Amino acid sequence: MRIFDPHIHMTSRTTDDYEAMYAAGVRALVEPAFWLGQPRTSVGSFTDYFDGLIGWERFRASQFGIRHHCTIALNPKEANDPRCTDVLDVLPRYLTKDGVVAVGEVGYDSMTEAEEKAFAHQLQLAVEYELPVLVHTPHRDKLAGTKRTLEVVRESGIAPERVVVDHLNEVTVGLVAEAGCWMGFSIYPHTKMDEHRMVAILAEYGTARMLVNSAADWGRSDPLKTYRTGQAMLAGGFTESDVDTVLWRNPVEFYGQSGNLMLDPLEESSPTGATFEGNSVLRGARQ
Ligand SMILES: [Zn+2]
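Residues numbered from 1 in each chain as written. Predicted model: local features only at pLDDT ≥ 70, side-chain atom pairs only at ≥ 80, totals over all residues.

Brief notes about the packing of helix α5 (residues 113-128) against helix α6 (residues 142-156)
Relative orientation and spacing of two packed helices are given, respectively, by the angle between their axes and the distance between those axes.
Phase 1 of the analysis: Between α5 and α6, the shortest axis-to-axis distance is 10 Å and the interhelical angle comes to 40°. Taken as axis vectors, α5 and α6 run oblique relative to one another. Relative to α6, the crossing made by α5 is right-handed. Across the interface between the two elements, Glu116, Phe119, Ala120, Leu123, Gln124 and Val127 from α5 touch Val152, Val153 and Ser156 from α6.
Phase 2 of the analysis: Taken together, the residues that form the contact of α5 with α6 break down as six nonpolar, two polar and one charged. (Axes fitted to C-alpha atoms, helices over the stretch in contact; angles between N-to-C directions. Helix = DSSP H or I, 4+ residues; strand = E, 2+ residues; numbered from the N terminus. Parallel < 35°, antiparallel > 145°, perpendicular 65-115°, else oblique. Left-handed = near helix turned anticlockwise from the far one by under 90°. Contact = placed C-beta atoms within 7 Å. Nonpolar A, V, L, I, M, F, W, Y, C, P; charged D, E, K, R; others polar.)

Thoughts on the pairing of strand β8 (residues 210-213)
Phase 1 of the analysis: Burial along β8 is two-sided: Met210 and Val212 and Leu211 and Asn213, pointing in opposite directions, are all buried.
Phase 2 of the analysis: With helix α8 (residues 195-205) bridging strand β7 (residues 182-186) and its parallel neighbour β8, the resulting β-α-β unit is right-handed. (Buried ≥ 20, exposed ≤ 12 C-beta atoms within 10 Å, placed from the backbone. Right-handed = clockwise from strand over helix to strand, strands pointing away.)

Focus on the sheet that holds strand β3 (residues 67-72)
Phase 1 of the analysis: Overall, parallel pairing links the eight strands, which are arranged β1-β2-β3-β4-β5-β6-β7-β8 in an open sheet. The open sheet has two edge strands with one neighbour each: β1 (3-5) and β8. Between one strand axis and the next, the sheet turns by 25° as a mean value, whatever way the strands run.
Phase 2 of the analysis: With three bridges joining them, β3 and strand β4 (residues 100-107) adopt parallel strand pairing. Looking across to β4, one finds that Thr71 is bridged to Ala102. (Pairing = 2+ DSSP bridges.)

Concerning helix α10 (residues 240-256)
Phase 1 of the analysis: Residue Arg249 marks the point of greatest curvature in α10, where the axis turns by about 40°; the proline Pro251 follows within four residues.
Phase 2 of the analysis: Looking only at α10, the buried set comprises Val243, Val246, Leu247, Trp248, Asn250, Pro251, Phe254 and Tyr255. (Bend = angle between axes of the 7 residues up to and from the residue.)

Here it is, written out as structure tokens:
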């Protein structure tokens, strides 16, 4: 099974996770820019983070045989904080960098006016820089949030096939299917949207425009949920080719629209002692 996790926050994960992901078949991923748990207080906090995504984290993933890409944006939650919104002026210089495959995560958190303004602005950046967009949908009042999200996407004029609307469930998938956008599903260990419900959604809606991710971050989450969904698909009667469509070909097709994917295989799948800015993922040699 070859796996491309289209949404995972590796900055919050350990090298054990990278090793387990590689063993399960993960060879590529996308890390969307998001918030840190701890609120940011300045634009500099964003730029250090963005530099980390395109620099250190890409290097770290490569040391474990995994191709790392990222998306760049002001996230919905911090769009409400005036100390953060000036980052919008800095985004263009990141959107043209290698390995930046979309604008994201953008969208609504609490459905405020400030969130909508940042969302609409960043949809225009995506049009201007010819990038796809990763749209987060709110965890509360998901149906209303998804409806409003699709209206803002429509008003922006961006082509729907360049948009993935993420964190969907049985209640919201139909709206997004109808709108012509890609459908993203985050499979979490302790919430309703598990791999078995995902298989039922795939059986009902088919595999086209479907993206399955672990959305693993610093909260309760599981970086192997993509693999577990693949296993559940096979147990549910889907073919290996169906699994490859959902877990590999679809993310490659969606993010490939950026022209910035880097999928040539890496030679090493365990750390070599190479360094990035003087830092290695090794901690001393065995004597
Ligand atoms: Zn996320």
